[in-house]
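# A structural walkthrough
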Amino acid sequence: MNKLTHFDTSGQAHMVNVGNKPNTHRIAIAIGKITMLPETFSMIEAGTHKKGDVLGIARIAGIQASKKTSDLIPLCHPLALTHVSLEFALNKQGSSIACQVRAETTGPTGVEMEALTAVQVALLTIYDMAKAVDRGMVMGDIHLLEKSGGKSGEWKAVNPI
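Reading the values: rules and limits
Residues numbered from 1 in each chain as written. Predicted model: local features only at pLDDT ≥ 70, side-chain atom pairs only at ≥ 80, totals over all residues. Heavy atoms only, no water. Pairing = 2+ DSSP bridges. Helix = DSSP H or I, 4+ residues; strand = E, 2+ residues; numbered from the N terminus. Patch = residues over 30% accessible without salt bridge, like charges linked within 9 Å, V, L, I, M, F, W, Y side chains within 5 Å. Areas by Shrake-Rupley, 256 points an atom, 1.4 Å probe, with all protein chains shown as cover. Salt bridge = Lys/Arg side-chain N within 4 Å of Asp/Glu carboxyl O. Buried < 20%, exposed > 50% of the residue type's maximum accessible area, 1.4 Å probe, protein only. Expected span 1.5 Å × (residues − 1). Contact = heavy atoms within 4.5 Å.

What follows deals with the sheet that holds strand β5 (residues 155–156). The five strands are arranged β2-β3-β1-β4-β5 in an open sheet whose pairing can be described as antiparallel. Either end of the sheet is taken by a strand with one partner, and the two such strands are β2 (81–91) and β5. With 12 bridges connecting them, strand β1 (residues 24–35) and strand β3 (residues 96–107) associate as antiparallel partners. Looking at β3, one finds that I34 is bridged to I97.

Residues L72, I73 and M113 make up a contiguous nonpolar surface patch of roughly 240 Å² in combined accessible area. For I73, a relative accessible area of 31% translates into the label partly exposed.

What follows deals with helix α2 (residues 54–67). Helix length check: α2 (14 residues) gives 20 Å between terminal C-alpha atoms against 20 Å at 1.5 Å per residue, within 8%. Restricting attention to buried positions, one finds in α2 the residues V54, L55, G56, A58, A61, G62, A65 and S66. Summarising the contacts, the buried residues of α2 are in contact with α1 (38–46), α3 (69–72), β2, β3 and α4 (112–130).

A word on the pairing of β1. With eight bridges connecting them, β1 and strand β4 (residues 138–148) associate as antiparallel partners. Of the residues in β4, the one forming a bridge with K33 is G140.

Shown next as structure tokens:
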């Protein structure tokens, strides 16, 4: 098992030094979903919510969140993101919306946290926009699907949900 890199030899938390790591093209893809009442789903799908385009606003919120990840996660490095995209998949039968984020950079450290943060905030934005009609929405299944670049190379989830 690999050691936890955010702790020094005396067990104190620290920011990992990435100064000597080579810049490589790095990609991370994360996903999560929000489940809601069928009526709430239909309103979002039809775009008839009184607050406007719920998914459009959630997309922008996710992109903004990816750029602010180092402000939210204490030991995360600030990154120059080169690309962030969010896609929503609507599941009418399950009254759920999946959000998938792809984040990219060229640098000495990965973009997994940026992709995961973007998913979380996009789902939270959907919740915020629709909570007046459905406070019981549930967010979950948030996880990394794959990453590439850097010393550890490629990784893919064994059993993606």
